[in-house]
Amino acid sequence: MSFTTILTEVKGKVGIVKLNRTQAMNAFNAVMLKELFDALKAFDKDERIRVLVVTGNEKAFAAGADIKEMAESSAVDMLTQGHVEAWDRIRAVRKPVIAAVSGWALGGGCELALSCDMIVASESAKFGQPEITIGVIPGAGGTQRLARLLGKHLAMEMVINNRTLNAAEALQFGLANRVVPVDGYLEAAIAFAEEIAERAPLAVRMAKDSVNAAFETSLTEGLKAEKRNFYPLFSTEDQKEGMKAFIEKRQPNWKGR
Ligand code: DAK
């Protein structure tokens with residue numbers, strides 16, 4: 001894979017995508033958005049990779065969409081530029097995606113972190129939806145995901161009045177899974193990813209799909225989705241191996257089959 005606005009790296013079973021428009025606080029232009037989602041898709045398909053990490057740099061995870069690129073756009077431009085499809089593509093990733101966030105995660109940057117499955121935040125992380133300050137609203141899921149995660153009132157304050165959350169607040173309100181020192185925040189996220197990468201791969205995928213169903217359906221439908229994911233696991237080699245290993249008091253050897 002060759003990209004101009006992102007860097008990619010594979011560490012063992014972990015695929016890492018690093019946003020790399022440092023001069024613009026990692027604001028997304030059309031090229032970076034496309035490259036990001038292409039890289040995620042490629043890692044999702046790669047058999048060697050089990051978990052994905054998306055990150056920026058210490059100062060900025062991502063400061064949102066590129067305002068300079070977007071400023072003169074019409075409604076038709078916004079609709080037809082493929083942004084909507086691009087954002088939908090992250091939801092299609094089947095492997096777990098961890099956002100390693102340091103510094104600013106604003107607008108589309110915050111929405112990218114929210115679209116991931118878990119967030120490791122550095123102590124300097126700041127989450128916000130400042131679109132209201134430039135005359136628009138979040139367009140990549142911010143109003144919906146924040147309201148579901150934080151409840152209506154805090155989400156409303158963030159979206160209507162540009163309230164930002166620091167790392168401690170993000171942890172307190174359940175946005176971040178963990179907060180770690182800025183020095184080594186990416187390594188901490190990779191270590192977290194490596195832990196998950198050692199778990200039964202098919203069960204991890206089914207688990208991700210099931211938890212996501214809780215955000216997208218009613219309880220009744222969500223419970224059905226969980227069952228649809230639960231039963232097929234009993235036809236996998238890994239289920240036999242996992243239960244046998246427990247009985248034999250040894251570590252399981254997962255095949256992903
Ligand atoms: N766009 C373009 N350039 C940006 C940028 C952005 N979002 N954020 C920062 N930069 C650029 C600055 O213009 C500056 O460039 P130069 O002037 O040096 O050329 C450089 O990055 C450094 O920024 P600052 O000088 O401002 O640095 P500070 O440390 O003082 O401030 C900051 C950092 C991140 C707090 C500040 O730059 C800032 O407030 N940035 C804007 C944040 C923002 O408003 N973000 C929301 C953007 S709207 C869609 C889905 C989603 C979206 C759109 C469509 N569809 C599905 C269709 C998303 C929309 C958004 O995210």
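Fair warning: this is a prediction, and the values are worked out from it, not measured in the lab.

Peer 1: What is the right way to look at the packing of helix α1 (residues 30-45) against helix α4 (residues 83-91) in this model?
Peer 2: Describing two packed helices takes the angle between their axes plus the distance from one axis to the other. Two elements in contact, α1 and α4, have axes whose closest approach is 9 Å; the angle formed by their N-to-C orientations is 30 degrees. Comparing the axis directions of α1 and α4 gives the class roughly parallel. Like other packed secondary-structure pairs, α1 and α4 cross with a definite hand, here left-handed. Two secondary-structure elements touch here, α1 through Leu33, Phe37, Asp38, Leu40 and Lys41 and α4 through His83, Ala86, Trp87, Arg89 and Ile90. Residue composition of the contact of α1 with α4, grouped by class: six nonpolar, one polar and three charged.

Peer 1: Explain the environment of threonine 133 to me, please; I cannot follow it from the model alone.
Peer 2: Relative to the assigned elements, threonine 133 resides in the loop between β8 (126-128) and α6 (142-150). For threonine 133, a relative accessible area of 53% translates into the label exposed. Taking the C-alpha atoms as reference points, threonine 133 and aspartate 183, separated by 50 residues in sequence, lie 32 Å from one another. A distance of 2.6 Å separates the side chain of threonine 133 from the backbone oxygen of proline 130, its partner in a polar contact.

Peer 1: Would you take a moment to explain the sheet that holds strand β6 (residues 104-106) for this structure?
Peer 2: Across the sheet, four strands lie side by side as β4-β6-β8-β9; this open sheet has mixed pairing. If you trace the sheet from one side to the other, it starts and ends with β4 (60-62) and β9 (165-166), each paired once. Lying on the sheet, helix α5 (residues 108-115) is in contact with β4, β6 and β8; it crosses β6 at an angle near 90 degrees.

Peer 1: Is there a simple way to think about the packing of aromatic side chains in this case?
Peer 2: When we look at a pair of aromatic rings, we describe it by the centre distance and by the angle of the planes. Scanning the model with the defined rule gives four aromatic pairs in all. Measuring from ring centre to ring centre gives 5.7 Å for phenylalanine 37 and tryptophan 87, while their planes differ by 65 degrees; the resulting arrangement is edge-to-face. Within this pair, whereas phenylalanine 37 is found in helix α1, its partner tryptophan 87 is found in helix α4, the two being separated by 50 residues in sequence. For phenylalanine 37, a relative accessible area of 2% gives the class buried.

Criteria and thresholds
Starting from 1, residues in each chain are numbered consecutively following that chain's sequence as written. Restriction of local features to residues with pLDDT of at least 70 applies here, the model being predicted, together with a cutoff of 80 or more for giving and counting side-chain atom pairs; totals for whole chains, interfaces and linings are based on all residues. Side-chain measures were taken over the full set of non-hydrogen atoms in the model, leaving aside hydrogen atoms and water. Angles shown run from 0 to 180 degrees and are taken between the N-to-C directions of axes, each axis being a line fitted to C-alpha atoms and, for helices, limited to the stretch in contact. Numbering of helices and strands runs from the N terminus, with a helix taken as a DSSP run of H or I at least four residues long and a strand as a DSSP run of E at least two residues long. With respect to orientation, any angle under 35 degrees is reported as roughly parallel, any angle over 145 as roughly antiparallel, any angle of 65 to 115 as roughly perpendicular, and every other angle as oblique. Crossings are classed by handedness, with left-handed meaning an anticlockwise turn of the near helix from the far one by less than a right angle and right-handed meaning a clockwise turn. Residues are treated as being in contact if the distance between any of their heavy atoms lies within 4.5 Å. The residue classification treats Ala, Val, Leu, Ile, Met, Phe, Trp, Tyr, Cys and Pro as nonpolar and Asp, Glu, Lys and Arg as charged. All others, Gly included, are polar. For each residue, the accessible area found with a 1.4 Å probe, counting protein chains only, is set against the maximum for its type, and the residue is called buried under 20%, exposed over 50%, and partly exposed in between. Nitrogen and oxygen atoms within 3.5 Å of one another constitute a polar contact, given that in protein one can donate a hydrogen and the other can accept it, and given that sequence-neighbouring residues count only through two side-chain atoms. Two strands are said to pair when DSSP picks up at least two bridges between them. Note on ring pairs: Phe, Tyr and Trp rings are taken, using the six-membered ring of Trp, and paired if centres are within 6.5 Å. Classes follow the plane angle, with under 30 degrees stacked, over 60 edge-to-face and the rest tilted.

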